[in-house]
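# Structural features, examined
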Amino acid sequence: MKISEPLRMLAGYTKKYRLKIFLAVIFMLASSGLNVLPPYLFKSVVDDVLISKNIFMLNIICFAVIAIFGIKALTMYLQRYYMNEAGQGVVMDIRNALYDHMMRMKLGTIYASRTGELMSRITGDAATLQNIVTTTFIDLLFNLITFVGMFAFIIYINWKLTCLIVIVLPFVGMLLSFAGKKLRAAGHNVQEHLADITATAQEAFSAVRVVRSFANEDAELERFREAGRGNYDALLKAVSVQGILAGVIEVFLIFALAVVFWVGGRSVINGDLTPGELISFTGYIAFMVQPIRSVMNQMSYIQTGIASAERICEILSVPAEDDTSTKTHIPITGRITFENVSFSYDSQEILHGINLDVKAGGKIAIVGPTGSGKSTIADLIPRFYEPSKGRILIDGVNISDFSLKDLRRQIGIVPQECILMRGTIAFNIAYGLDEIDMNKVKTAAEIADISGFIESLPDGYNTLVGERGVTLSGGQRQRIAIARAVIRDPRILILDEATSSLDTASEQAVQKALNQAMKGRTSIIIAHRLSTIKNADRIYVLKDGTFTESGTHENLLKEGGLYAELYGNL
């Protein structure tokens, strides 16, 4: 990726903060200008005070030094305040845009990524970028301007001696260019390994019960150590490059200082240069070492920041879901039609030639062996994925003509694994609504046959549930998921193996709630336990990505095909 891309991204987010950035730059110019003056005062101290023994000038210079540093302190404070205000805002906007884009990326892209890796872009990379924008960048400008100002002063003092310094500068420039590439590559490496640490920890904590069930804590610790060692090695490499560069450049500058002092000393002895001018000149050379050393350090941070910006740009350039339709087709009745639909993932065809017509308010079930493509059919209806061939219609309208929000608000989904958000039960049931309407919440809870349990709790609907709903049983979580699916009164209900992970007692309670929820709605039941779909209007048997049988429960048993075989294995 070209450096211009992340820089363009940053520039785009600075538009509404340009006044604050302008003020920060003005105060930065003032403070760096004041930073240039003290070495020149050395000349006056030596020539106009010490040699001339002028008390009045001594008083003036002492007062000037206090004034210069007092004003410099004020301008530096204002510079940092405005730059941090702008920089924090820019990075906040970038982080928000990054999060928003991630939430809208295609599901296939998200599932193919490690959660910790994505999280590291929002946390680690954004934090690195934040430090660059708020601190490092302005410090880099400050030191560069200070260097240029000091260089202008040494030309003014004695241009001949300055020529000796100029001879060294091309070598410094070449070193900076070479080191910049090395530091950028090292910065990329550091951020990649840091993301690996985040991802490894995220995976282990997400599956902590599995880790403990297999007594695999030591192995997970070793994985984390391995990720940490990679980050450690990458950091050492970056520090090594930075340290070597800073040391080499400092040797060049000190060599130049020694030559200048030798030549300038001879000029003072010969009367071509005053002692004050030589001390001022050498003072500037000595002071110039610090801005250059700071630039070296900041170059390292800048390159790391560019690496982080590139990683953020990589995510922002990933295609999001296609939601360009402006048509609305609400309300719908719920008739669903698949016309010769095929779907491929990573060049592997999952479904082929699927034809299906479900009348509004109808109830069908799709069964089949594991991996046959049942859940994929369910995922195509709300456009989590797009068909490779064919089309899907709702009420005779291609679903690609619906906006995603309009489409998905008409579809309720009860998944196999019910994920609850951290918050109250009412918040989880009303999830997706603009506001919590307690009348709707309670009605949905009654449909899901969970209202009695909720009202028996001390805090009722205001009871807090733990992250992922771990404080509730599987059956309770599933019935809350049913309430969440029906609260918007969707015309289509998709049950994706909604009871397969429950015990028999919980399954019966949830099945009762599902039967209530399906009344009057077009229902698509993806089932593993065939006992849950006996009353479906029609059952479709899916094998190797295509329908091989269809009919009622009784008819399919009489045919003695795959359905009868699956049912017989219960």
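Here is what the cut-offs are and how they apply
- Residues numbered from 1 in each chain as written.
- Predicted model: local features only at pLDDT ≥ 70, side-chain atom pairs only at ≥ 80, totals over all residues.
- Heavy atoms only, no water.
- Helix = DSSP H or I, 4+ residues; strand = E, 2+ residues; numbered from the N terminus.
- Buried < 20%, exposed > 50% of the residue type's maximum accessible area, 1.4 Å probe, protein only.
- Contact = heavy atoms within 4.5 Å.
- Areas by Shrake-Rupley, 256 points an atom, 1.4 Å probe, with all protein chains shown as cover.
- Pairing = 2+ DSSP bridges.
- Axes fitted to C-alpha atoms, helices over the stretch in contact; angles between N-to-C directions.
- Polar contact = N/O pair within 3.5 Å; in protein donor to acceptor, adjacent residues only side chain to side chain.
- Expected span 1.5 Å × (residues − 1).
- Patch = residues over 30% accessible without salt bridge, like charges linked within 9 Å, V, L, I, M, F, W, Y side chains within 5 Å.
- Salt bridge = Lys/Arg side-chain N within 4 Å of Asp/Glu carboxyl O.
- Parallel < 35°, antiparallel > 145°, perpendicular 65-115°, else oblique.
- Left-handed = near helix turned anticlockwise from the far one by under 90°.
- Nonpolar A, V, L, I, M, F, W, Y, C, P; charged D, E, K, R; others polar.
- Phe/Tyr/Trp six-rings, centres within 6.5 Å; stacked < 30°, edge-to-face > 60°.
- Core = buried A, V, L, I, M, F, W, Y, C linked by side-chain atoms within 4.5 Å.

### Comments concerning the overall build of the chain
If you tally the helices and strands in the chain, you get 18 helices and 12 strands. A burial count over the chain gives 46% of its 570 residues as buried. Sequence-distant contacts in the chain: of pairs separated by 6 or more residues, those separated by 24 or more amount to 77%. Just so you have it, the chain exposes about 28900 Å², and 59% of that area is on carbon and sulfur atoms.

### Focus: the sheet that holds strand 11 (residues 538–543)
Pairing is mixed across the open sheet formed by 6 strands, whose spatial order is 6-9-10-3-11-12. Unpaired on one side and paired on the other, strand 6 (411–414) and strand 12 (546–551) mark the two borders of the sheet. Sheet twist, expressed as the mean angle between neighbouring strand axes with direction ignored, is 20°. In this structure, strand 3 (residues 363–367) lies alongside strand 10 (residues 522–526), joined through 4 bridges in parallel fashion. The residue of strand 10 that forms the bridge with Lys 363 is Ser 523. Against the sheet, helix 15 (residues 474–486) engages strand 6 and strand 9 (492–496), with an angle of about 175° to strand 6.

### Considerations on the pairing of strand 4 (residues 389–394)
Every other side chain in a regular strand lies on the same face of the sheet, so the side chains alternate between the two faces. Bridging between strand 1 (residues 336–345) and strand 4 involves 5 bridges; their strand directions are antiparallel. Of the residues in strand 4, the one forming a bridge with Phe 338 is Ile 392. Pairing between strand 4 and strand 5 (residues 397–398): 2 bridges, direction antiparallel. Following the sheet pairing, Ile 394 is matched in strand 5 by Val 397. Connecting the antiparallel pair strand 4 and strand 5 is a turn made up of 2 residues, with Asp 395 showing a positive phi of about 55°.

### Examining the environment of Arg 491
Looking at the secondary structure, you find Arg 491 in the loop between helix 15 and strand 9. Separated by 131 residues in the primary sequence, Arg 491 and Ala 360 place their C-alpha atoms 8.2 Å from one another. Those residues in contact with Arg 491 that sit more than four places away from it in its chain are Ile 332, Thr 333, Gly 334, Gln 410, Gly 520, Arg 521 and Thr 522. Reaching out from Arg 491, the side chain makes a polar contact with the side chain of Asp 489 at a distance of 2.8 Å.

### Concerning helix 15
The first and last C-alpha atoms of helix 15 sit 19 Å apart over 13 residues, in line with the 18 Å expected at 1.5 Å per residue. Along helix 15, 11 of the 13 residues are buried, which leaves the element largely enclosed by surrounding structure. Of the positions making up helix 15, those classed as buried are Gly 475, Gln 476, Gln 478, Arg 479, Ile 480, Ala 481, Ile 482, Ala 483, Arg 484, Ala 485 and Val 486.

### Brief notes about a nonpolar patch on the surface
On the surface, Met 421, Phe 427, Tyr 431, Ile 436 and Met 438 cluster together to form a nonpolar patch covering roughly 410 Å² of accessible area. Here Ile 436 is to be found in the loop between helix 12 (425–429) and helix 13 (438–447). Judged by its relative accessible area of 43%, Ile 436 falls in the partly exposed class.

### A word on the packing of helix 3 (residues 55–104) against helix 5 (residues 115–157)
Running from amino to carboxyl end, helix 3 crosses helix 5 at an angle of 155°, the nearest separation of the two axes being 9 Å. Between helix 3 and helix 5, the crossing angle belongs to the class labelled roughly antiparallel. Pair helix 3 / helix 5 crosses with right-handed handedness. Partitioned by chemical class, the residues of the contact of helix 3 with helix 5 number 15 nonpolar, 8 polar and 5 charged.

### A few points about the side chain of Thr 424
Structurally, Thr 424 can be placed in strand 7 (residues 423–424). Polar contacts involving the side chain of Thr 424 include one to the main-chain amide nitrogen of Phe 427, which spans 3.0 Å. In this structure Thr 424 touches Tyr 461, Asn 462, Thr 463 and Leu 464, once residues within four positions along its chain are discounted.

### Quick look at the sheet that holds strand 1
Read from one edge of the open sheet, 4 strands run 2-1-4-5, paired in antiparallel fashion. Bordering the open sheet on either side are strand 2 (348–358) and strand 5, each of which pairs with just one other strand.

### Comments concerning the packing of aromatic side chains
According to the stated counting rule, one finds 7 aromatic pairs in the structure shown. Members of the aromatic cluster, connected to one another through ring pairs, are Phe 27, Tyr 77, Tyr 81 and Tyr 82.

### A word on the pairing of strand 9
A large share of strand 9 lies buried, amounting to 5 of its 5 residues. Side chains of strand 9 alternate between two faces, with Ile 492, Ile 494 and Asp 496 and Leu 493 and Leu 495 buried alike. Where strand 6 lies against strand 9, 4 bridges are found, and the strand directions are parallel. When the bridges of strand 9 are listed, Gly 412 appears paired with Leu 493. Bridge count for strand 9 against strand 10 is 5 bridges, and the pairing is parallel. Its bridge partner being in strand 10, Ile 494 is matched across the sheet by Ile 524.

### Some remarks on the nonpolar core
Val 367, Ile 429, Ile 482, Leu 495, Ile 533, Ile 539 and Tyr 563 are the most contacted members of the largest nonpolar core, which totals 44 residues. Listing elements by their share of this core, those giving two or more residues are strand 3, helix 12, helix 13, helix 15, strand 9, helix 16 (504–518), strand 11 and helix 18 (562–568). Per element, the largest residue contribution to this core is 6 residues, and it comes from helix 15. Setting aside residues no more than four positions away along its own chain, Ile 539 makes contact with Ala 365, Val 367, Ile 533, Glu 549, Ser 550, Gly 551, Thr 552, His 553, Leu 556 and Tyr 563.

### Some remarks on the environment of Ile 154
Relative to the helices and strands, Ile 154 resides in helix 5. Along the backbone, Ile 154 and Phe 281 are 127 residues apart, and their C-alpha atoms lie at a distance of 5.9 Å. Ignoring any residue separated from it by four or fewer positions in sequence, one finds Ile 154 in contact with Trp 159, Thr 162, Phe 281, Tyr 284, Ile 285 and Met 288.

Just distances and angles here, no functional claims.
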